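Next come the chains, spelled out residue by residue.
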Amino acid sequence: MSVSRVTPPERRTPQGAPAGIIDTISDAVTFVIQRPWMMVVPLIVDIILWLFLHVTLGPVIESLIELLETTNVEGSAVVIDELRATSDQIMISDYLGAFVPGLFTGIPLDTVLGALMLFIAPDGFGIPRTDMYQNWANGAIDIIVPESAAMVLGVFILSLLGSSIALIAFRVPMARAIRATHPTDALSEMANSWMHFILYLLLLFVGGCVAMIPLALMAALVPITGLSITFVFSFAVLILGGMVGIYSYFVVDAMLIHRTTPINGFRMSYAVSRAYFAQTMRFALTCIFLMLATMSLWSQIASSAPGMIISLLGSAFIGTVLAAASMFFYTDRFRIVRALELGNRNRLQPQHRATPGNRQE
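For clarity, every value in this text was computed on a predicted model and none was experimentally measured.

Asker: Honestly, the overall build of the protein chain in this entry has me stumped. Any pointers?
Answerer: Regarding its fold elements, the protein chain presents 13 helices and two strands. Relative to its full complement of 361 residues, the protein chain shows a buried share of 43%. Considering only contacts in the protein chain between residues 6 or more positions apart, those separated by 24 or more positions represent 76%. Accessible surface for the protein chain amounts to roughly 19300 Å². Of this, 67% is attributable to carbon and sulfur atoms.

Structure follows, in structure tokens:
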């Protein structure tokens, strides 16, 4: 099978040396400026969610309000008022952008760490529609209110499937450009990568269900130990979840760069993160900080027509830069980890030397 090669991206750091965080992001900025079409998919997703696709969580929120009204939980009245005030602003259809960066979705949920941030910093997941330029806030199509919770679930699943396709269309061309080799045609690679990503999501779902078992046991022991259930949950999310999030941070990058399965992706991500744990943690936190900071900026300026356009373009640009930076950061260090593994393997292999006793006639 022939492998076509293209010109590799311009880099400030020589090949074979891992670039620092700032240099990696700078390289990604150059990469995106030279290839502005890489921003097309996040822009299209944002335009669809802004103008054409508005499906609310109506029945689910109403059921939640009814449940809260029948309980005497302290502070439930405040929660009910907040839900009623924002019920028409919470769109289940926004999960169409779950796995790609965007103005209405913010931090992508394609990593464990990204999903954890949904609980830690919910403000980083898209700008509120109330902050948008009001003449454009309603879009071109009226809001759709599902008739039942089952319809909400159906829209949620379809939105996630659509978002998985968007991720493949967004990141596979990026991976091909960074890899600088094209072993297969683009459509075949996208199809295989999509199947691997769906399997990856299923593995995360199963892993999440399994992780709930020890959490449930810990919650049952809370009355005995005297600990707060909030403390137990926070410990599990921040400490244990954070460790898993760091070690699995590059799974999708590895899957797309190497065109491999989720299991191999986890192994490769773990190998890189273990060898460069502190650097990986600083890089991940830097990317999250940039996403949170820019989300706050877009919320501030999106209230005017020019600000709304700037926010759309700026969000797509920053999200694309950080996605490319993640692939650069991973590939730089994977080459070194792989070279060290091969070197150690060669040193451990016995050296066969020709002697009179073993020389073949």
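Next comes the rest of the description.
Asker: Hey, could you run me through the environment of Arg259 in this one?
Answerer: Tracing the backbone through its elements, the reader meets Arg259 in the loop between helix H10 (251-258) and helix H11 (262-275). A relative accessible area of 35% places Arg259 in the partly exposed class. Sequence spacing of Arg259 and Arg176 is 83 residues, and the spatial spacing of their C-alpha atoms is 10.0 Å. Not counting residues up to four positions away in its chain, the partners in contact with Arg259 are Arg179, Pro183, Thr184, Glu189, His196 and Ala254.

Asker: So what exactly am I meant to see when it comes to the confidence of the model for the protein chain here?
Answerer: The predicted coordinates should not be examined in detail at positions where pLDDT is low. Of the residues in the protein chain, 80% have a pLDDT of 70 or more, and the chain-wide mean is 82. For residues 352-361, every residue scores under 50 in pLDDT, and the model assigns this stretch two contacts once sequence neighbours within four places are set aside.

Asker: How should I be thinking about the pattern of salt bridges in this particular structure?
Answerer: When their charged atoms lie close together, side chains carrying opposite charge are able to pair. Evaluation of the coordinates by the stated rule reveals eight salt bridges. One salt bridge in this structure joins Asp253 and Arg171, with 2.1 Å as the shortest N-O distance. You can see Asp253 sitting in helix H10 and its partner Arg171 sitting in helix H7 (residues 149-179), a full 82 residues away along the chain. Across the pair Arg179 and Glu189 runs a salt bridge, and its minimum N-O distance is 3.0 Å. Of this pair, Arg179 sits in helix H7 while Glu189 sits in helix H8 (residues 186-225), and the two are 10 residues apart along the sequence. For Glu189, a relative accessible area of 2% puts it in the buried group.

Rules of the game
- Residues numbered from 1 in each chain as written.
- Predicted model: local features only at pLDDT ≥ 70, side-chain atom pairs only at ≥ 80, totals over all residues.
- Heavy atoms only, no water.
- Helix = DSSP H or I, 4+ residues; strand = E, 2+ residues; numbered from the N terminus.
- Buried < 20%, exposed > 50% of the residue type's maximum accessible area, 1.4 Å probe, protein only.
- Contact = heavy atoms within 4.5 Å.
- Areas by Shrake-Rupley, 256 points an atom, 1.4 Å probe, with all protein chains shown as cover.
- pLDDT = per-residue confidence, 0-100.
- Salt bridge = Lys/Arg side-chain N within 4 Å of Asp/Glu carboxyl O.

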